[in-house]
Amino acid sequence: MKQSHLYTKTRKTLPSGEVAKNAQLLIKAGYIHKELAGVYAFLPLGIRVMNKIEDLIRSHMDKIGGQEILLSSLQDPELWKKNNRWDDDDVDIWFKDRDERIGFAWSHEEPMISMIEHHVSSYKDLPVYVYQFQNKFRNEPRAKSGLLRGREFIMKDLYSFTKNQDELDEFYRKITDAYKEIFNVAGIGDQTYYTFASGGAFTEFSHEFQTLSDAGEDTIYIDRDKKIAINEEVYSKEIVKELGLDEKKLEKVKSIETGNIFKFGTGYSEKLNLKYKDADGKDQFVYLGSYGIGLSRLMATVVEVLSDDGGIVWPESISPFQVHLIELTEGLGEDLYQKLLDNNIEVLYDDRQIGAGEKFNDADLIGIPWRLVVSEKTDGKVEIKNRSEKSAQLITKDEAIKKFI
RNA sequence: CGGGCUGUAGUGUCAACGGCCAGCACGCUUGCUUUGGGAGCAAGUAGACUGGGUUCGAAUCCCAGCAGCCCGACCA
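Residues numbered from 1 in each chain as written. Chains lettered and ligands numbered in written order. Predicted model: local features only at pLDDT ≥ 70, side-chain atom pairs only at ≥ 80, totals over all residues. Heavy atoms only, no water.

Chain A is annotated in an unreviewed UniProt entry as Proline--tRNA ligase. UniProt, in the comment section headed Catalytic activity (unreviewed entry), describes chain A in these words: "tRNA(Pro) + L-proline + ATP = L-prolyl-tRNA(Pro) + AMP + diphosphate". (UniProt positions renumbered as here; feature names shortened; annotations may be inferred.)

Okay, here's the thing in C-alpha cells:
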C-alpha cells in the first residue's frame, strides 16, 4: 500500500485524557479512533493487525480440531432467563434494548449450547469444538486503559463439547499448548504466565494467561523458573503447596489477562439440560469447556509490552505490513515496491513528498519490524534496518526481496 | 455504582482580571525555498459540550444535564 493513499496520519500530540500507553500510541500512529469511552474503531492499520491476530489464532484453533462459526450479536433473552443470567441483578453488564426483547451479546454460552442441542444427540456426534471471532458488548461500569477494558471488543471464544472428563482434560491440554504457542508467536510468550485462577461454580481452578505489565488490572504471584503463577484471587498457602511451589520464590506482580480457559464439567449441561445418548442408549450430560482470547486486548498488550520511546514495535507475526519501504528521493522506490508486490510481500510504501525525518519518525511510531530505505545515497541498493536495531545494512534489492518471500 | 477532577478550532494548550477582534503551536490550503531523523518564509483556514440562571456585559460566576479521565467497588 502506498502511504500517500493511507488516509490516516500520525499525530504529534497525544490525545488528552488518554493515559494508557496502548491507546496513546495506537491513536497517535493512526491505528484506532476513539468513539466513546471504551469503544474504539479500527482504522486501516488497526484492522490489518486485528486480521493478523485473527489469522494467527484461527490457524491454531483449526489445528486442534476447532470449527469456526459465527453466532449472532443480538440475543434472545429467553435463553438467558433459563439460566438466571438475564436479570440486571444477576448480570450487571448487559446492554439491552428498551423493551428488553433483545440482548447485546456480552458472552455466548447460552446461545452456543442452545445451538449445539440441535445438532448433537449421540455419542457419535462428540466431541465438538466450535469457535468464533465475535463482538462482545459489556456495559462496564468503568471502561479504562484504552483497549484493555472496553465496552465493545472482539473476542475469540471456543467451546468444547465432550463426552466425559478424560476427553475434556485431553482437549484442555491441547488448547493450553495452542495458547502458549499463540502468545509465543505474538511476541509476548516470555512475559506470559500460565496462571491458576478462580474456577467459579463448577471446578476448582480455571487457568489464565497473564502477561506481565504494570498496565494490567490483575495481581499474580509468579515463579519465574517454573513459569507458572497464581492469581491473587485464589492465593493461599495451601495452593502454593498443592502446586509444589516455594512461597519464598514467588514474586507479586501486575499483569494483563490475555487469555482464559475454563472447564465447566457438566454444570452447565445439567442446568440447561444438554444431553447425549451413550452406546448403551442412556442419557449422559455433555462436558463443557470455554476458552477465550480478547483480540483487541492482545493487540493492546503487545503495544504495552513491546513498544519503546520511538513508538510501537510489532512482532513480525501481527505487524500490519511485513516491510516499510521508504523512499527519500521521489520515484526511486517505485521499482522495488512493484517487485515486492509481485512477490506477495506486504509492504507499506512511503512515497510521500515530505522530509526524511518525518518519514523515519512515522516509521518508528507505526512500528513495522523491517524498514527499507532507498535514496540517492543508497546507490541502486537498499538500506535495511530492524525496528529494534540502531544500525542499518546496505543490501541489493534482490536480497531484500528474497528476505521477505 | 460511590468519590474527585476536567470540558476552548481537526489536535494540543496550568493562553486570556467578568469587558476591545478568544491568543499560541501543530494540522490543513496556496505559493516559493528546502530535502537522510518531526524544515523555512509568506498568505489563508477553523473554536467556547448542551440548556438554564446571575450581570449593562459570561470562555470566565452559579445550577442542571451530558461527556471524558482518574481513584475505589465491580470485572463467571
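(A) The overall build of chain A, seen in detail. Helix and strand counts for chain A stand at 11 helices and 21 strands. Taken along its principal axes, the extent of the C-alpha atoms in chain A is 80 × 50 × 45 Å. Taking all 405 residues of chain A together, the buried fraction comes to 53%. Summarising the internal contacts of chain A: among those between residues at least 6 apart in sequence, 67% fall at separations of at least 24. Accessible surface computed for chain A: about 19000 Å², of which carbon and sulfur atoms make up 46%. (Helix = DSSP H or I, 4+ residues; strand = E, 2+ residues; numbered from the N terminus. Buried < 20%, exposed > 50% of the residue type's maximum accessible area, 1.4 Å probe, protein only. Contact = heavy atoms within 4.5 Å. Areas by Shrake-Rupley, 256 points an atom, 1.4 Å probe, with all protein chains shown as cover.)

(B) The sheet that holds strand S17 (residues 323-327), seen in detail. Read from one edge to the other, the open sheet built from 5 strands follows the order S18-S17-S19-S20-S21, with strand pairing classed as mixed. Every interior strand has two partners, whereas the edge strands, strand S18 (347-350) and strand S21 (393-395), have only one. Geometrically, the sheet is characterised by an average inter-axis angle of 25 degrees between neighbouring strands, direction not taken into account. In the sheet, strand S20 (residues 382-386) pairs with S21 via 3 bridges, with the strands oriented antiparallel. From the neighbouring strand, Glu383 faces S21, where its bridge partner is Leu394. Its contacts with the sheet put helix H9 (residues 334-342) on S17, S18, strand S19 (370-374) and S20, and the angle it makes with S18 is roughly 170 degrees. Strands S17, S19, S20 and S21 of the sheet are contacted by helix H11 (residues 397-404), whose axis makes an angle of about 160 degrees with S19. (Pairing = 2+ DSSP bridges. Axes fitted to C-alpha atoms, helices over the stretch in contact; angles between N-to-C directions.)

(C) Spatial organisation of the protein's contact with RNA strand B. Contacts to RNA strand B come from 35 residues, most closely from Thr13, Arg142, Arg149, Asp364 and Ser375. Near the protein, meaning within 4 Å, the atoms of RNA strand B are sugar or phosphate in a fraction of 47%, with bases accounting for the rest. With respect to RNA strand B, the side chain of Lys34 contributes an N or O atom lying 2.8 Å from a phosphate oxygen. Mapped onto the surface near RNA strand B, the elements with two or more residues apiece are strand S1 (32-36), strand S13 (251-265), helix H10 (356-366) and S19. Among the residues forming the surface near RNA strand B, the class breakdown is 10 nonpolar, 10 polar and 15 charged. (Near = heavy atom within 4 Å. Polar contact = N/O pair within 3.5 Å; in protein donor to acceptor, adjacent residues only side chain to side chain. Nonpolar A, V, L, I, M, F, W, Y, C, P; charged D, E, K, R; others polar.)

(D) Layout of the packing of aromatic side chains. Under the defined criterion, the tally for this structure stands at 21 aromatic pairs. Between Trp80 and Trp106, the ring centres sit 5.5 Å apart and the planes meet at 40 degrees, which makes this aromatic pair tilted. Linking Trp80 in helix H3 (residues 77-82) with Trp106 in the loop between strand S6 (103-104) and helix H4 (109-117), this pair joins segments that are 26 residues apart in sequence. As far as the burial class goes, Trp80 and Trp106 line up, both buried. When the centroid spacing of 5.9 Å and the interplanar angle of 90 degrees are considered together, the rings of Tyr131 and Phe133 count as edge-to-face. For the pair shown, Tyr131 and Phe133 are each scored as buried. Over the aromatic face of Trp86 sits the side chain of Lys96, whose NZ or CZ is 4.3 Å from the ring centroid. Over the ring of Trp370 we find Lys403, and its NZ or CZ is 4.2 Å from the ring centre. (Phe/Tyr/Trp six-rings, centres within 6.5 Å; stacked < 30°, edge-to-face > 60°. Lys NZ or Arg CZ within 6 Å of the ring centre and 35° of its normal.)

(E) Broad picture of unusual backbone geometry. With omega at 0 degrees, the peptide bond leading from Leu126 into Pro127 counts as cis. For Asn273, which is not glycine, the phi dihedral falls at a positive 60 degrees. Along the chain, Asn273 turns up in the loop between helix H7 (267-272) and strand S14 (275-277). By relative accessible area, Asn273 is classed as partly exposed at 44%. For Asp379, which is not glycine, the phi dihedral falls at a positive 55 degrees.

(F) Fine view of the environment of Leu341. Within the secondary structure, Leu341 sits in helix H9. Residue class for Leu341 comes out partly exposed when judged on its relative accessible area of 33%. Placed 340 residues apart in sequence, Leu341 and Met1 show a C-alpha to C-alpha distance of 9.0 Å.

(G) Summary view of the pairing of S19. Across the 5 residues of S19, 5 count as buried, placing the element largely inside the fold. A two-sided burial pattern is seen for S19, the buried positions comprising Trp370, Leu372 and Val374 on one face and Arg371 and Val373 on the other. Judged from the 5 bridges that link them, S17 and S19 form a sheet pairing that is parallel. Across the sheet, the residue bridging to Glu327 is Val374, located in S19. Relative to S20, S19 runs antiparallel, the two being bridged by 4 bridges. Note on S20: the bridge partner recorded for Arg371 is Lys385.

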